[in-house]
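Here is what each chain is made of, one letter per residue.
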Amino acid sequence: MIVSQANSSGARPWLDPAATPQVRIEGVSKSFGATTAVAAVNLGIYKGEMFALVGASGCGKTTLLRMLAGFAEPSSGRILIDGVDMGSVPPHERPVNMMFQSYALFPHMSVADNVAYGLRRLPLAREERQRRVREALEMVQLGALGARRPHQLSGGQRQRVALARALIRRPKLLLLDEPLSALDKKLREQTQFELMDLQHELGITFIVVTHDQDEAMALATRIAVMDRGHVAQVGTPAEIYEFPCSRFVADFVGTTNLFEGTVCACAEGLVSVRCAETGGELLVDHAGSFAPGQQVWISLRPEKVRLAKEPSNGARMNQLRGTVWELGYLGNRSTYQIKTTSGKLVTVFAQNERRTSEALIDWNDEVFVSWSADAAVVLQS
Ligand code: ATP
């Protein structure tokens, strides 16, 4: 999984208590009859962020985006952009633009006219309008294709026309609903990087809705994971992935092994959990404190597990014995399902470091899965 460069190299205004978010979503809810689509959401998004909203279908991502754009009104709460309450500001007067999933290009218009459509409400002289269109097309590397019609473009080029049209008025905030979902996998990955470069260059705040967690991880400065209208967790991609706050987040973002158990001891940053599923105790590093008897779950990412035919030695290690139950060869790595002696299935991702036509660990092999105490996290819900 690629993790966005923006997290390591960019500024992190959300860590600065003196920084004010550019977009403030304060206690925003939206109901449609008996359905609560968005429930008391609070979010602060900073200037220049590439902020991703992820979550299962129907969790309220699009509804939140539509409220930011002004296409839907909150049932309660308010949205502020640069300190201005958007409550009474109509969509076309907001410093916001939205790029739709379908791109919504006009088939009968040229690429240049499609982009110029983004300026339709501005009283501009013809030359100025043409200059801005040229500039916008060059920004997305389509300077030479202004005379074509959308059907004469590739999927990636159509996406860039939609982007140029959405950006031509230089909004403070660009909302993107599944911006890359119409592209195939390779093109999507390439376009992700183009989108990141463009956003970085323009310094405009982007809020991206995506159902693709890999895309969110690759693109975003921060991610909000939504669950049934609520924000379950907000954090950088690495925080969300490595330190999920609940089973829901751990399971939704990436793949994880969950072990249910009860705390038997907690001292010196180490929690010992009795786990009926594995028939023993598991050790996990943890900064917080837990009461003996407390019910917890351990989340262990498959790439953090060592798989070997010999047992591993070492302090603060966990080890289970099992047999290879399933094996999937994916080229760069293999996915194993190990059935432990207690019957629990553990998923392991093993990097295929060497070229070989045969798996070094194969179906039905007897193996040991092991991981250190700092490889997993303890969750309370
Ligand atoms: P997806 O990923 O499938 O697009 P989403 O997370 O964007 O889903 P929303 O489109 O925001 O979800 O919908 C949230 C909930 O609100 C859903 O239960 C949906 O059925 C409901 N909903 C959305 N718009 C309306 C509407 N206009 N009238 C009634 N219910 C609606």
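Predicted model only: the values in this text are computed from it and were never measured.

Criteria and cut-off values
- Residues numbered from 1 in each chain as written.
- Predicted model: local features only at pLDDT ≥ 70, side-chain atom pairs only at ≥ 80, totals over all residues.
- Heavy atoms only, no water.
- Near = heavy atom within 4 Å.
- Polar contact = N/O pair within 3.5 Å; in protein donor to acceptor, adjacent residues only side chain to side chain.
- Helix = DSSP H or I, 4+ residues; strand = E, 2+ residues; numbered from the N terminus.
- Nonpolar A, V, L, I, M, F, W, Y, C, P; charged D, E, K, R; others polar.
- Core = buried A, V, L, I, M, F, W, Y, C linked by side-chain atoms within 4.5 Å.
- Buried < 20%, exposed > 50% of the residue type's maximum accessible area, 1.4 Å probe, protein only.
- Contact = heavy atoms within 4.5 Å.
- Domains from an automatic or database assignment.
- Buried area = accessible area lost by both parts, 1.4 Å probe.
- Pairing = 2+ DSSP bridges.
- Axes fitted to C-alpha atoms, helices over the stretch in contact; angles between N-to-C directions.
- Phe/Tyr/Trp six-rings, centres within 6.5 Å; stacked < 30°, edge-to-face > 60°.
- Parallel < 35°, antiparallel > 145°, perpendicular 65-115°, else oblique.
- Left-handed = near helix turned anticlockwise from the far one by under 90°.
- Salt bridge = Lys/Arg side-chain N within 4 Å of Asp/Glu carboxyl O.
- Expected span 1.5 Å × (residues − 1).

K.L.:
A description of the site of the ligand should follow, citing residues and the corresponding values.
P.N.:
The full set of residues close to the ligand is Phe32, Thr35, Ala37, Ala56, Ser57, Gly58, Cys59, Gly60, Lys61, Thr62 and Thr63. For the ligand, an oxygen atom lies 2.6 Å from a polar atom in the side chain of threonine 62. Within the side chain of threonine 63, a nitrogen or oxygen atom sits 2.5 Å from an oxygen atom of the ligand. The set of elements that each furnish at least two residues to the shell around the ligand consists of β2 (35-45) and α2 (61-69). Broken down by element, the residue count for the shell around the ligand peaks at three residues, all from α2. Among the residues making up the shell around the ligand, the classes are represented as four nonpolar, six polar and one charged.

K.L.:
Now, about the nonpolar core: what can you tell me, with residues and values included?
P.N.:
Residues Val115, Leu163, Leu167, Leu174 and Phe206 are the most contacted members of the largest nonpolar core, which totals 35 residues. Those elements that place two or more of their residues in this core are α3 (111-116), α4 (126-139), α5 (155-167), β7 (173-177), α6 (185-202) and β8 (205-209). Top contributing element to this core by residue count: α5, with six residues. Discounting residues that sit within four places of it in the chain, phenylalanine 206 has contacts with Glu49, Met50, Phe51, Leu167, Leu174, Leu176, Leu195 and Gln199.

K.L.:
Please give an account of the domain arrangement of the chain that cites residues and values.
P.N.:
Split by domain assignment, the chain resolves into domain 1 (7-95 + 171-251) and domain 2 (255-379). Spacing between the C-alpha centres of domain 1 and domain 2 amounts to 33 Å. Every contact between the two is made by ten residues of domain 1 and, on the other side, nine residues of domain 2. A per-residue breakdown of the area domain 1 buries against domain 2 is headed by Tyr241, Arg247 and Ala250, which together make up 62% of the total.

K.L.:
So what about the side chain of glutamine 157? Which residues, and what values?
P.N.:
Inspection of the secondary structure assignment puts glutamine 157 in helix α5. Judged by its relative accessible area of 18%, glutamine 157 falls in the buried class. Ignoring any residue separated from it by four or fewer positions in sequence, one finds glutamine 157 in contact with Leu142 and Leu145.

K.L.:
Run through the sheet that holds β7, naming residues and quoting values.
P.N.:
Taken together, the six strands give an open sheet; going across it, the order is β6-β7-β8-β3-β9-β10, and neighbouring strands pair in mixed fashion. With partners counted over all chains shown, the strands left at the sheet margins are β6 (96-99) and β10 (230-235), one partner each. Each neighbouring strand pair of the sheet contributes to a mean axis angle of 20°, computed without reference to strand direction. Here strand β3 (residues 50-55) pairs with β8 via four bridges, running parallel. When the bridges of β8 are listed, leucine 53 appears paired with valine 209. Contacting β3, β6, β7, β8 and β9 (222-227), α2 runs over the sheet at an angle of about 150° to β7.

K.L.:
Can you tell me about the packing of aromatic side chains, naming the residues and giving the values?
P.N.:
Under the definition given, this model contains four aromatic pairs. With 4.8 Å between their ring centres and 70° between their planes, phenylalanine 106 and tyrosine 117 make a pair best called edge-to-face. Pair noted here: phenylalanine 106 is in the loop between β6 and α3 and tyrosine 117 is in the loop between α3 and α4, with a separation of eleven residues, a long-range link. According to the relative accessible area criterion, tyrosine 117 is partly exposed, its value standing at 32%. Here phenylalanine 248 and phenylalanine 252 contribute two aromatic rings whose centre-to-centre distance is 5.8 Å and whose plane-to-plane angle is 10°, an arrangement assigned as stacked.

K.L.:
With reference to specific residues and values, describe the side chain of arginine 160.
P.N.:
Looking at the element boundaries, arginine 160 is found in helix α5. Judged by its relative accessible area of 16%, arginine 160 falls in the buried class. Among residues more than four places away in sequence, those in contact with arginine 160 are Val140, Gln141, Leu142 and Glu194.

K.L.:
How would you summarise the packing of α5 against α6 if you had to cite specific residues and measurements?
P.N.:
At a minimum axis distance of 11 Å, the contact between α5 and α6 shows a crossing angle of 20°. Here α6 runs roughly parallel to α5, going by the angle between their axes. Our pair here, α5 against α6, has a crossing hand that is right-handed. Only Leu187, Thr191, Glu194, Leu195, Leu198 and Leu202 of α6 make contact with α5, whose side of the interface consists of Gly156, Gln159, Arg160, Leu163 and Leu167. Residues of the contact of α5 with α6, tallied by class, amount to six nonpolar, three polar and two charged.

K.L.:
Now, about the pattern of salt bridges: what can you tell me, with residues and values included?
P.N.:
This structure, assessed with the given rule, holds 17 salt bridges. A salt bridge links aspartate 227 to arginine 228; the nearest nitrogen and oxygen atoms lie 3.1 Å apart. Since its relative accessible area comes to 65%, arginine 228 is described here as exposed. In this structure, the salt-bridge partner of lysine 304 is glutamate 242, at a minimum N-O distance of 3.2 Å. Highlighted residues: lysine 304 in the loop between β14 (295-300) and β15 (306-308) and glutamate 242 in helix α8 (residues 237-242), separated in sequence by 62 residues. Taken together, the shared-partner salt bridges connect Arg24, Glu26, Arg78 and Asp85 into one network.

K.L.:
How would you summarise α5 if you had to cite specific residues and measurements?
P.N.:
Relative to the 18 Å expected for 13 residues at 1.5 Å per residue, α5 spans 19 Å between its end C-alpha atoms, a close match to the ideal helical length. Summarising burial for α5: eleven of the 13 residues are buried, a large majority. Turning to α5, its buried residues number three or more, namely Gly156, Gln157, Gln159, Arg160, Val161, Ala162, Leu163, Ala164, Arg165, Ala166 and Leu167. Where α5 is buried, its residues contact β6, α3, α4, β7, α6 and β8.

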